[in-house]
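Remarks on the overall topology
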Protein chains: 2
Amino acid sequence: MAEESRPVPTKSRTATLTDVARLAEVSIATASKALNGRDQVKAETRARVIAAAEKLSFSPNALARGLLAGRTGSVGLLTSDLEGRFSIPVLMGTEDAFGAGRMSVFLCDARGDSIREQHHLQSLLSRRIDGLIVVGSRTDPRPSLGRNLPVPVVYAYAPSESPDDLSLVSDNVGAGRLAVEHLIACGRTRIAHITGDPAYKAAQDRAAGARATLEEAGLPMAGGQVLFGSWTEGWGRGATRMLLANTPEVDAIFCGSDQIARGVLDALREHGRDVPGDVAVVGFDNWEVLAANARPQLTSIDMNLEHLGRVAAQRLFAAIDGKTGSGIESMPCRLVPRESTTAQG
Amino acid sequence: MAEESRPVPTKSRTATLTDVARLAEVSIATASKALNGRDQVKAETRARVIAAAEKLSFSPNALARGLLAGRTGSVGLLTSDLEGRFSIPVLMGTEDAFGAGRMSVFLCDARGDSIREQHHLQSLLSRRIDGLIVVGSRTDPRPSLGRNLPVPVVYAYAPSESPDDLSLVSDNVGAGRLAVEHLIACGRTRIAHITGDPAYKAAQDRAAGARATLEEAGLPMAGGQVLFGSWTEGWGRGATRMLLANTPEVDAIFCGSDQIARGVLDALREHGRDVPGDVAVVGFDNWEVLAANARPQLTSIDMNLEHLGRVAAQRLFAAIDGKTGSGIESMPCRLVPRESTTAQG
DNA sequence: TTGTACGCGTTATCAC
DNA sequence: GTGATAACGCGTACAA
């Protein structure tokens, strides 16, 4: 259990440039130049100043500097939903990119509430961030924050509804194509698609890509149509049972998520179908915990979300430097082959 | 694809207090008082100032304010590993608590690298954060950042090695007790424990709690000893097979993680054991995606990590106000009952 | 090469 | 009630 501690020995106030200057016996102007690498200062003087700074463990006050410079070297990261597992990798990517660029990141979670979002936005603006990244939790377009913000904004994962904004998204249509092309390349011809809630644009996009690719190859959609449902293992199991009953000749299933795929694998095993011998399975999200631990290990589509976040950071950097862009920039996904599609049936 | 946009119409510089004062035809001193609710200003004047502020969509510069006040209203959140799923809930809790208190949160991910951690720490200090929360990804103690930082620090999830620091952790020993007590209450007497890597303190603590509770009840540890392995489904399956071979009379399994538990459920089903009829199963982490979608749904231990994060934020608030504490504060876990233990065999 | 002085945007203290 | 004015800590013209 925690105890109250004795009063801490008086913390010495953090050193200021004035302190350093005094110790080095120069003016604060000279101290500033010495520490910032300006070349109008004698080497010996600079050394003395640097030594003094070290000794006082001086660290320049970023607030004062920002006040003067008009730029703070900080950006906002406004997420609508930290819980959703899609925000996290995007967030990691941006944090990584900004950290490398000596930028600090303010994290705000609006929890899907637009009131809270506005509140956070005001707070960020009052802190004079240099730019803002808005991360959504679904691929459906979200309302724009507007064009008259004093800082550039980049939307990631969930695009802005306004084409005037710059948005970075995953190419879900392309991902659907990727999955079906892979299955066709594996020699499959009776390919079904089991996916989640049809109200999600992600579901529609992936299905569109899958449909288009099948049509171009002159192949039918096994099961007659895309099987929409929910993003759960339970739906994966249920849909598979229906599918096996109606279309027993199915030899491949493209799933809208790894969770669904886990349910599909489960049901296939129950019905004695070998994977990938009888039926090949492709998942979506490449969620390691699910995909890599499945039996057999699950081939899956990776949206490269961390990369998406990094690119978002780069675009924001560029925008801060005045090179603004607009429109929706679509990033390719990649297929990660594992056991559930490798062997040839 | 994104296109270059035409040069944006000149953004009007964000309004300052001077602008507001000029528009309201008062001095900046009066404007400041009016906006900050000081009571030495005529109502009519105040209204005029507020109107002017609205019109210019004035937002006070937090940098200037912080420079003067000596407090910035921002805190640092230093995580060692954003990828690990334990950091996220803690982080959500702290973000939530601080957001409500009008504090902004700087997010830094050190990626388990102490060099990067030092770098982030310096960056945060230069931004004059009011306090710092350090979130680890494992429950093993981590090196202290030291006692001579200019701001209070609270360690969450992973405690500091130094008892002089304040740390908040989950009570893993208590959680082990909780699980076994529940199984005993369900009428089980031949209880096994399959868990992860023995190098993790979490594994040792949970095992210790389980052992102690069994001893107190005069029950043996089924299987003869705790089955340590890795935090994977694969180990859950493998360990279960061994267990069923050596100790077929086992009637309950307490698992060190939900992933392990999923493997255990899998193997039990394969061997024709009914859950919970023949064998009851308890998981750990209460990871919804795994626990709630298991067949049967998995009873699991929840570490209340979001709450842990919120309490960490409260402790930091208190420390900022001068009420510092120290030592390790242990937060209770809770058992979430689901199908895998409810029915009586 | 070094030092002086101003200003970034606010708030608080004091006069008026 | 209101308005000058001095800080907060720093960078940078400009003067010395």
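Above this text sits the structure in question.
These figures come from a predicted structure and were not determined experimentally. (Residues numbered from 1 in each chain as written. Chains lettered and ligands numbered in written order. Predicted model: local features only at pLDDT ≥ 70, side-chain atom pairs only at ≥ 80, totals over all residues. Heavy atoms only, no water.)

Within chain A, the secondary structure is distributed over 13 helices and 12 strands. Scaling as 2.2 N^0.38, a compact globule of 345 residues should have a C-alpha radius of gyration of about 20 Å, whereas chain A reaches 27 Å, well beyond that. When each of the 345 residues of chain A is scored for burial, the buried share is 54%. The contacts of chain A with a sequence gap of at least 6 include a subset with a gap of at least 24, amounting to 71%. Accessible surface computed for chain A: about 14,600 Å², of which carbon and sulfur atoms make up 52%. (Helix = DSSP H or I, 4+ residues; strand = E, 2+ residues; numbered from the N terminus. Rg over C-alpha atoms; globule rule 2.2 N^0.38 Å. Buried < 20%, exposed > 50% of the residue type's maximum accessible area, 1.4 Å probe, protein only. Contact = heavy atoms within 4.5 Å. Areas by Shrake-Rupley, 256 points an atom, 1.4 Å probe, with all protein chains shown as cover.)

Okay, the side chain of A:Asp130 next. Residues and elements named next belong to chain A. With respect to the secondary-structure elements, aspartate 130 resides in the loop between helix H6 (114-126) and strand E4 (131-135). In this structure the side chain of aspartate 130 is engaged in a polar contact, spanning 2.7 Å, whose partner is the backbone nitrogen of glycine 73. With near-sequence residues (within four places) excluded, aspartate 130 lies in contact with Arg71, Thr72, Gly73, Ser74, Met103, Val151, Pro152 and Ile320. (Polar contact = N/O pair within 3.5 Å; in protein donor to acceptor, adjacent residues only side chain to side chain.)

Attention now moves to the environment of B:Ile88. Residue and element names in this part refer to chain B. Along the chain, isoleucine 88 falls in helix H5 (residues 87-100). Since its relative accessible area comes to 10%, isoleucine 88 is described here as buried. Sequence separation between isoleucine 88 and valine 135 is 47 residues, and the spatial gap between their C-alpha atoms is 9.4 Å.

This part takes up the relation of the copies chain A and chain B. After a rotation of 180° and a shift along the axis of 0.0 Å, chain A superposes on chain B with an RMSD of 0.0 Å. The transformation relating the two chain copies, once decomposed into turn and shift, fits a two-fold axis. The rotation axis passes nearest to the C-alpha of A:Phe106 in chain A, at a distance of 2.3 Å. Mapped onto chain B, 100% of the interface residues of chain A are again interface residues, and the two copies thus contact each other with one and the same surface. (Least-squares fit on C-alpha atoms with pLDDT ≥ 70 in both.)

Residues in close proximity to DNA strand C total 25 residues, the closest being A:Lys33, A:Thr45, A:Leu68, B:Leu17 and B:Arg65. Close to the protein, within 4 Å, the atoms of DNA strand C belong to sugar or phosphate groups at a rate of 57%. One of the side-chain nitrogen or oxygen atoms of A:Thr45 is found 2.5 Å away from a phosphate oxygen of DNA strand C. Here a base nitrogen of DNA strand C sits 3.4 Å away from a polar atom, N or O, in the main chain of B:Ala64. Those elements that place two or more of their residues in the surface near DNA strand C are helix H2 (28-35) and helix H4 (62-69) of chain A together with helix H2 (28-35) and helix H4 (62-69) of chain B. Residue composition of the surface near DNA strand C, grouped by class: 11 nonpolar, 9 polar and 5 charged. (Near = heavy atom within 4 Å. Nonpolar A, V, L, I, M, F, W, Y, C, P; charged D, E, K, R; others polar.)

Honestly, that's just the spatial picture; any functional story needs more than this.
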